[in-house]
Amino acid sequence: MSEQAVLLLRKQLKEVTRCPVEGFSAGLADDSNVFEWNVSIMGPPDTQYEGGFFNALMTFPQDYPNNPPTVRFTSDIWHPNVYPDGRVCISILHAPGNDPNGYEKACERWSPIHTVETIMLSIISMLSSPNDESPANIDAAKEWREDKEEYRRKVARCVRKSQENL
Amino acid sequence: MQRLTRSSARQREEETRPSLPSTNQNSSKRRKQSTENTVTATGNDQVSSDKVAKRTPEEPSNPTTAGTKPSASNSSQQPEQVQNQESDVEISEIPESDVSYFGYCSDDGGEVQSNSKVATETSCMDEQARRRQQQEDTEEVAELLGVENSVATLLLRSVAWNKEDLLSRYMEDAEKVCAAAGVANPAAVSLAMLSAQVSDRECSICRLDGPLAFSALSCGHSYCDCCWKRFLSLKVEEGETRIVCPEPSCSLQVPENIVRQLCDRETFEKYSAYVENAFVDESKTCVWCPYPNCGLSVGTTDSSSKFIICAQRHSFCVECRSEAHAPAQCDQVIEWLKKCDDDSETFNWLSANTQDCPKCQSTIEKNGGCNHMTCRKCKHEFCWVCLGLWQSHTDYYSCNRFDPDKVKASEDGKAKSRAALDRYLHYYHRYMNHERSRKLEEQIRDKAVLKMEELQKKEPQRLWGDVQFVGEATEKLCKCRVVLKWTYVFAHALEDSSSQKNLFCFLQEDLERNTERLSELLESEVENLLKAEVKSEVLALAAVATQSRLKLLQGVEEGLVA
């Protein structure tokens, strides 16, 4: 199983480095371990995150692509769908079978067909349009809904900080 | 679908009726009972054997029940059990059919009627019968719509296995039905895997280069067979019974035959088992028996019947999934059980350990040996024992003297909450008591059987059938107990001193009296029970108690109007 994962991840890495996709860059965190990737995401233009460079660690399971990787921001980020410890909470990264109530539609859930690229695009889209219905960071969600000004200030602080760390 | 099933059940009933007596005899033989016994029984029994021929749609409507799982598992357990079960079937139906012959023809199919339907119209569908029904429905739909069986299954599942509903909706708007079921439309397009092609291109999941064997649903999203297998196995492992194409934007469901084609046998068997269970979960025509460790599914083809019996003879309410609870209503039962869970211990403790302050009626716990109480709330000082003013204990001691006026005064002054508590406990204790009695009485029959075995060793001329009636009477007794138990829940919900309550209490009293008489007699020694006069008394009492039970249920059904 893990052999297949290694092959697949190497292939995806090659593709991402050969033809980079706008909005993010990716590479191995440690050259000897293909299961841990460092990704950096550019705050999408025309959003409050514009100008920020957010780093995240992407960890793949041994049975990838049957199960999704986890993505954790290592940069500070204030967002309703990111846990305070940096873990990203979006439906396509939920391990299959984790949604017994059928709350998420099938097309929004993990499928082995997803790649690093589709995951990154989902995260970028998450930055542009937060989903406050099932928030990971409740305070951020509340602020996003009720106190946009304070929310904007906190995000701006994260953006500034990420620029300083460049 | 319901209509179809019911009529076919009736048809089957018709067919099997003439053969019933022989079925009866077979079972009698099995229980080593001499046929003479059934024939030469008392008047009561003759009525029953008559009725036996008229009832038991249970068996005919569901021929498999008799031969398959329940009896098989029973016979492997212990012979007594088989005997019990069969005698159960025989007797339990009799009173109900009796009643439906004289007078339960009211049109409003409520409690009593449904209760009587418990025995007469509810079909018990076991695993095998369920599978067969599933198969029949699937094949019929497949044939009518010209699709494969596994596609028909997907379509049926999308409408909770309501075949007629599916067909009418399909005729109206096939496209909509297909989309909802995750099936390609038109269904004429075979949903089978596009023939497996070997190709040199890359699989979009594992990204390996060919040559690989590819497969796809009719949506055309094709993946290599290894990836399909891994994907399907993972989904099955997770207990998923609606597996959709891996392509996130695609909603086509993977039909059963594809799972069979691509997965190993073990995985497919697991998948089929899940799908079969899903049938019960999804279908509106059967439910799981809620009894612990039962795991049987029961058909509810007669939707007007609220209380049904599974093949293991557990009777329960389809709506609230608790024990069959006539005459109480579901909402009363739910409320009552919740109250019992929440409050009973507390209430029992309160009644045993607390008093109400005679002045402000707050509930007070004694926290020391001294009987001089001071209410924390109103600072009233009183004696724990006589509830009188504490002052009277210092100036003029009268605690030891019984003063009827005082007792009366203190009773009048009792707080409402205490009265409500007492009221609740009144019903609760009686409710629990009947439950306990029933549990004990359920053993009477077993005890009688054991005792009979002993007697037979000593006196071989004794016949097995001689204690048969004990089992039958016990069954009737237990039925009365269950009803009695629930009458207290019903009564608790009735307004005190209303005319309905008066009538209800009268009916309840009648049932309680007859039940106790029957219980007392049945608890006597087996030697006594074997006397002819005792036997006929037992049978008469059992009939009387049953009458009372049905009269009560009928009374409630009719709204308790005199």
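Here goes a summary of the coordinates provided. From a predicted model like this one, the values you see are computed outputs, not experimental measurements. Positions within a chain are numbered from 1, following the residues in the order the chain's sequence is written. Key to labels: chains lettered from A, ligands numbered from 1, both in the order written. Totals for whole chains, interfaces and linings use every residue, but because this is a predicted model, local features are given only for residues with pLDDT of at least 70 and side-chain atom pairs only at 80 or more, for both listing and counting. Side-chain numbers here rest on the full set of heavy atoms in the structure, without hydrogens or water.

Next up on the list: the environment of Ser233 of chain B. Residues and elements named next belong to chain B. Comment: elements are numbered from the N terminus, with helices defined as DSSP H or I runs of at least four residues and strands as E runs of at least two. Assignment of secondary structure puts Ser233 in helix α13 (residues 225–237). A relative accessible area of 18% means that Ser233 is categorised as buried. Aside from chain neighbours lying at most four places away, what touches Ser233 is Cys263 and Thr267. We call a residue buried when its accessible area falls under 20% of the maximum for its residue type, exposed when it is over 50%, and partly exposed in between, using a 1.4 Å probe and counting protein chains only. Throughout, a residue-residue contact means that at least one pair of heavy atoms, one from each residue, lies within 4.5 Å.

The next thing to look at is the packing of helix α20 (residues 468–493) of chain B against helix α23 (residues 532–557) of chain B. All names here are of chain B. The convention used is that axes are lines fitted to C-alpha atoms, helices contributing only their stretch in contact, and that angles between N-to-C directions extend from 0 to 180 degrees. Where α20 contacts α23, the axes come no closer than 10 Å and their chain directions differ by 30°. On the basis of their axis angle, the class for α20 and α23 is roughly parallel. In this structure, α20 meets α23 at a crossing whose hand is left-handed. Each of Phe469, Ala473, Lys476, Lys479, Cys480, Val483, Thr487 and Phe490 in α20 lies in contact with α23, whose residues at this interface are Lys535, Val538, Leu539, Ala542, Ala545, Thr546, Arg549, Leu552, Leu553 and Val556. Only Asp, Glu, Lys and Arg are considered charged, only Ala, Val, Leu, Ile, Met, Phe, Trp, Tyr, Cys and Pro nonpolar, and every remaining residue, Gly among them, polar. A breakdown of the residues in the contact of α20 with α23 according to their chemical character gives 12 nonpolar, 2 polar and 4 charged. In these notes the angle categories are as follows: under 35 degrees is roughly parallel, over 145 is roughly antiparallel, 65 to 115 is roughly perpendicular, and the rest is oblique. Take the far helix as the reference: if the near one is turned anticlockwise from it by less than a right angle, the crossing is left-handed, and if turned clockwise, right-handed.

Two side chains that carry opposite charge are able to pair once their charged atoms sit near each other. Residues and elements named next belong to chain A. Salt bridge, as used here: a side-chain nitrogen of Lys or Arg that lies within 4 Å of a carboxyl oxygen of Asp or Glu. Per the counting criterion, the structure on display carries 29 salt bridges over all chains. Asp76 is the salt-bridge partner of Lys161, the closest N and O atoms lying 2.5 Å from each other. Taken together, the residues Lys161 in helix α4 (residues 148–164) and Asp76 in the loop between β4 (70–73) and α2 (116–128) connect sequence positions 85 residues apart. Through salt bridges with shared partners, a single network forms among Glu143, Glu149, Glu150, Arg152, Arg153 and Lys154.

This part covers the interface of chain B and chain A. Taken together, the contact pairs 19 residues of chain B with 19 residues of chain A. Roughly 1500 Å² is buried in total at the junction of chain B and chain A, and carbon and sulfur atoms are behind 58% of that figure. A quick way to say it: buried area is the sum, across both parts, of accessible area lost when two parts are put together, with a 1.4 Å probe. The largest per-residue losses of area from chain B upon contact with chain A belong to Arg207, Arg230 and Pro248 of chain B, which jointly make up 39% of the total buried on that side. For the pair chain B and chain A, the interface holds 2 salt bridges. For this analysis, a polar contact is any N or O atom pair within 3.5 Å, provided that within protein one partner can donate a hydrogen and the other can accept it, and provided that sequence-adjacent residues contribute only side-chain to side-chain pairs. Across the chain B-chain A interface, the total number found is 5 residue pairs in polar contact (both at pLDDT 80 or more). Take the side of chain B that touches chain A: its biggest share by element is 5 residues, from α13 of chain B. Along the lines of polarity and charge, the residues of the side of chain B that touches chain A split into 10 nonpolar, 2 polar and 7 charged.

Further remarks concern the packing of aromatic side chains. For any pair of aromatic rings, the description rests on two quantities: the centre-to-centre distance and the angle between the ring planes. When two rings of Phe, Tyr or Trp (its six-membered ring) have centres within 6.5 Å they constitute a pair, described as stacked for plane angles under 30 degrees, edge-to-face for angles over 60, and tilted for the intermediate range. Enumeration according to the criterion identifies 16 aromatic pairs over all chains in this entry. A centroid spacing of 4.8 Å and a plane angle of 45° characterise the contact between Phe490 of chain B and Phe504 of chain B, whose relative ring orientation is tilted. Of this pair, Phe490 of chain B sits in helix α20 while Phe504 of chain B sits in helix α21 (residues 499–522); the two residues are 14 residues apart in sequence, bridging distant segments of the chain. By relative accessible area, Phe504 of chain B is classed as buried at 0%. Chaining the aromatic ring pairs together yields one cluster made of Trp336, Tyr424, Tyr428, Tyr431 and Trp486 of chain B. The ring of Trp144 of chain A carries Lys148 of chain A above its face, with NZ or CZ at 4.2 Å from the centroid. A ring is scored as having a charge over it whenever the NZ atom of a lysine or the CZ atom of an arginine sits within 6 Å of its centre and within 35 degrees of its normal.

Below, the discussion takes up unusual backbone geometry. Between Tyr64 of chain A and the following residue, Pro65 of chain A, the backbone shows a cis peptide bond with an omega angle of 5°. Mapped onto the elements of the fold, Pro65 of chain A is located in the loop between β3 (53–59) and β4. Cis geometry marks the peptide bond from Ala326 of chain B to Pro327 of chain B; its omega dihedral reads 5°. Within the fold, Pro327 of chain B resides in the loop between β7 (315–317) and α16 (330–353). Even without glycine at this site, Asn293 of chain B takes up a positive phi of about 60°. In this structure, Arg321 of chain B takes a positive phi of about 60° despite not being glycine. Considering the arrangement of structural elements, one finds Arg321 of chain B in the loop between β7 and α16.

All right, on to the sheet that holds strand β2 (residues 33–42) of chain A then. In a beta sheet, neighbouring strands pair by backbone hydrogen bonds and run either parallel or antiparallel. Residues and elements named next belong to chain A. At least two bridges found by DSSP between two strands are what make those strands a pair. Spatially, the 4 strands line up as an open sheet ordered β1-β2-β3-β4, and their pairing is antiparallel. Two strands bound the open sheet, and with one partner strand each, they are β1 (24–30) and β4. Taking the axes of each pair of neighbouring strands and ignoring which way they run, one obtains an average angle of 30° across the sheet. One ladder, built from 6 bridges, connects β1 with β2; its direction is antiparallel. Of the residues in β2, the one forming a bridge with Asp30 is Asn33. Relative to the sheet, α2 contacts β1, β2, β3 and β4, its axis offset from that of β2 by approximately 35°.

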